[in-house]
Amino acid sequence: GAGVSQTPSNKVTEKGKYVELRCDPISGHTALYWYRQSLGQGPEFLIYFQGTGAADDSGLPNDRFFAVRPEGSVSTLKIQRTERGDSAVYLCASSLVDADRTEAFFGQGTRLTVV
Amino acid sequence: AQSVSQHNHHVILSEAASLELGCNYSYGGTVNLFWYVQYPGQHLQLLLKYFSGDPLVKGIKGFEAEFIKSKFSFNLRKPSVQWSDTAEYFCAVNAPGNTGKLIFGQGTTLQVKP
């Protein structure tokens, strides 16, 4: 596709459930980032993939959060035992190499609501 | 740790007014600087960026920003705003060679009254 695609656009889940959020980056972009944006805040870095490997996962808040990118393209962010505090917009971005000197393109995000 | 501070959380202007949004960052080394904009219902998109060279950078839609190293600032400006500039604006920084992850400010909501 032309841009970064994230699905679903909205997800409502019950506390304690497991969720998966999907990101389809721009074709050919090797770098992929996940961010989380809480209400009234700027996006916060979660994890960075270069190809298939997680090159930096220092932003993952705890071990309930996990992300994969098995073929170096689509990525899935997985959240186990969801908590109400996980409610946020989860953003995915991709860039050609890494966003050090190139622009990162963002998807529209997945709005996760934990009830 | 790097951090970014945006001084204005909510700005209301009339059309044709001039705009300046403040951004300060804390990091002692070389940085890359960005302004992103998010129009209502749309995704984050890049307004402008600074990597090196001329500290006055021009972006899309008439926006510009000036990097002042001594003040650790990267303020966004536009001489005359339009109603269509109503959006949320985010300043961001990354450190070269640090995987490209962006550190964002908390954002400024700009409302332009027609």
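The structure under discussion appears in the preceding block.
Calculation rules
Residues numbered from 1 in each chain as written. Chains lettered and ligands numbered in written order. Predicted model: local features only at pLDDT ≥ 70, side-chain atom pairs only at ≥ 80, totals over all residues. Heavy atoms only, no water. Helix = DSSP H or I, 4+ residues; strand = E, 2+ residues; numbered from the N terminus. Rg over C-alpha atoms; globule rule 2.2 N^0.38 Å. Contact = heavy atoms within 4.5 Å. Areas by Shrake-Rupley, 256 points an atom, 1.4 Å probe, with all protein chains shown as cover. Lys, Arg positive; Asp, Glu negative; His and termini not counted. Charge placed at Lys NZ, Arg CZ, Asp CG, Glu CD. Core = buried A, V, L, I, M, F, W, Y, C linked by side-chain atoms within 4.5 Å. Buried < 20%, exposed > 50% of the residue type's maximum accessible area, 1.4 Å probe, protein only. Buried area = accessible area lost by both parts, 1.4 Å probe. Salt bridge = Lys/Arg side-chain N within 4 Å of Asp/Glu carboxyl O. Polar contact = N/O pair within 3.5 Å; in protein donor to acceptor, adjacent residues only side chain to side chain. Nonpolar A, V, L, I, M, F, W, Y, C, P; charged D, E, K, R; others polar. Disulfide = S-S within 2.5 Å.

Caption draft 1: Examining the overall build of chain A more closely. When you go through chain A residue by residue, the secondary structure sums to 0 helices and 11 strands. The order of helices and strands in chain A, counted from the N terminus, is β-β-β-β-β-β-β-β-β-β-β. Computed over C-alpha atoms, the radius of gyration of chain A comes to 13 Å, within 12% of the 13 Å expected from 2.2 N^0.38 for 115 residues, which places it in the range of a compact globule. When the backbone C-alpha atoms are referred to their principal axes, chain A occupies close to 40 × 25 × 25 Å. For chain A, long-range pairs separated by at least 24 residues make up 54% of all intrachain contacts whose partners lie at least 6 apart in sequence. For chain A, the computed accessible surface area is about 5500 Å², with 47% contributed by carbon and sulfur atoms. Positive and negative side-chain charges of chain A, numbering 12 and 13 respectively, have mean locations separated by a distance of 8 Å.

Caption draft 2: Up close: the nonpolar core. By size, the foremost hydrophobic cluster in this structure holds 28 residues, and its most contacted members are Leu33(B), Trp35(B), Leu47(B), Leu48(B), Phe74(B), Leu76(B) and Tyr89(B). Secondary structure elements with two or more residues in this core: β2 (10-14), β3 (19-21), β5 (32-38), β6 (45-50), β8 (64-68), β9 (73-78), β10 (87-94) and β12 (108-113) of chain B. In terms of residue count, β10(B) provides more of this core than any other element does, 4 residues in total. In terms of nonpolar packing, the next biggest core, distinct from the first, is built from 20 residues, Val4(A), Cys23(A), Leu32(A) and Leu46(A) among them.

Caption draft 3: Quick peek at the interface of chain A and chain B. Listed as interface residues are 22 residues of chain A and, on the opposing side, 23 residues of chain B. For the pairing of chain A and chain B, the buried interface totals around 1800 Å² over both sides, and the portion due to carbon and sulfur atoms is 52%. Counting across the chain A and chain B interface gives 1 salt bridge. Among the salt bridges present, the one from Asp56(A) reaches Lys101(B), with a minimum N-O distance of 3.2 Å. Connecting chain A to chain B are 5 residue pairs in polar contact (both at pLDDT 80 or more). Put simply, the parts of the chain that give the side of chain A that touches chain B at least two residues each are β4 (31-37) and β5 (44-50) of chain A. Broken down by element, the residue count for the side of chain A that touches chain B peaks at 3 residues, all from β4(A). Counted by class, the side of chain A that touches chain B contains 9 nonpolar, 8 polar and 5 charged residues.

Caption draft 4: Seen up close, the environment of Cys91(B). All names here are of chain B. Considering the arrangement of structural elements, one finds Cys91 in strand β10. Residue Cys91 is classed as buried on the basis of its relative accessible area, which comes to 1%. When the C-alpha atoms of Cys91 and Trp35 are compared, they prove to be 4.5 Å apart, with 56 residues separating the residues in sequence. Ignoring sequence-local partners within four residues, the contact set of Cys91 consists of Val4, Gln6, Cys23, Phe34, Trp35, Ile103, Phe104 and Gly105.

Caption draft 5: Structural view of the state of the cysteines. Residues and elements named next belong to chain B. Counted by the stated rule, this structure contains 2 disulfides over all chains. Cys23 shares a disulfide with Cys91; S-S distance 1.9 Å. Residues Cys23 and Cys91 are joined by a disulfide whose S-S torsion is about -65 degrees; by sign, that bridge is left-handed. Separated by 68 residues along the polypeptide, Cys23 in the loop between β3 and β4 (24-26) and Cys91 in strand β10 bring together distant segments of the chain. Classification of Cys23 as buried rests on a relative accessible area of 0%.

Everything listed is a geometric property; what it means functionally is a separate question.
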